[in-house]
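A look at the structure
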Amino acid sequence: MKNGLLAEAVMQSLSGCDMDFLIYRSPKPEETLALCRTCRANVLVMEVIRQGLWKLSERLRLCSAVRRLGWACKVLLLVDESTDELLASEVRQTVKDQLADGFIYASVSPTYLAGVIDTL
């Protein structure tokens, strides 16, 4: 996630849930694939914004690379629906087109986020 505070908040929220998650944070977007490979991730949560390595096209490129790792790693895209409604719509369409496994709005509760991840 681009926003370090958001990333830390998500990590703390997931750690505080009653799920058995092992949570890793990629220090840089370009290191995410290697981290997924190293820890054999089964769920990857990625923030989508309109700039840089966090934009939708870059996230979809990474999603495709993760799918080629050889095991089932689900990709959940996180988008701020109140800041950019058009981007949120594009992310939803991405899931409909089966280019990612799911999406979630940034405004949901930590418990809901944990529940969604648990169902993947």
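Residues numbered from 1 in each chain as written. Predicted model: local features only at pLDDT ≥ 70, side-chain atom pairs only at ≥ 80, totals over all residues. Heavy atoms only, no water.

**Looking at the sheet that holds strand β1 (residues 43-48)**
The strands that make up a sheet pair up through hydrogen bonds in the backbone, lying either parallel or antiparallel. Reading across the sheet, the three strands line up as β1-β2-β3 and stay open at both edges, with parallel pairing between neighbours. Edge positions in the open sheet fall to β1 and β3 (102-105), since each of these has one partner strand only. On average, each strand axis in the sheet is tilted by 25 degrees relative to the strand beside it, whichever way the strands run. For β1 and strand β2 (residues 74-79), the ladder comprises six bridges, and the chain directions are parallel. Note that in β2 the partner of Glu47 across the bridge is Leu78. Its contacts with the sheet put helix α3 (residues 56-67) on β1 and β2, and the angle it makes with β1 is roughly 170 degrees. (Pairing = 2+ DSSP bridges. Helix = DSSP H or I, 4+ residues; strand = E, 2+ residues; numbered from the N terminus. Axes fitted to C-alpha atoms, helices over the stretch in contact; angles between N-to-C directions. Contact = heavy atoms within 4.5 Å.)

**Focus on the packing of aromatic side chains**
In the structure shown here, the tally under the stated rule is one aromatic pair. Note on Phe103 and Tyr105: the rings are 5.3 Å apart at their centroids and 65 degrees apart in plane angle, and the pair reads as edge-to-face. Residue class for Phe103 comes out partly exposed when judged on its relative accessible area of 27%. For the cation-ring pair, Arg40 lies above Trp71, with the distance from its terminal atom to the ring centre recorded as 4.0 Å. (Phe/Tyr/Trp six-rings, centres within 6.5 Å; stacked < 30°, edge-to-face > 60°. Buried < 20%, exposed > 50% of the residue type's maximum accessible area, 1.4 Å probe, protein only. Lys NZ or Arg CZ within 6 Å of the ring centre and 35° of its normal.)

**Re unusual backbone geometry**
For Arg40, which is not a glycine, the phi torsion comes out positive at approximately 50 degrees. Relative to the elements of secondary structure, Arg40 occurs in the loop between α2 (32-39) and β1. In the Ramachandran plot, Gln98 falls in the positive-phi region, its phi being about 60 degrees despite a non-glycine side chain. You can see Gln98 is positioned in the loop between α4 (85-96) and β3.

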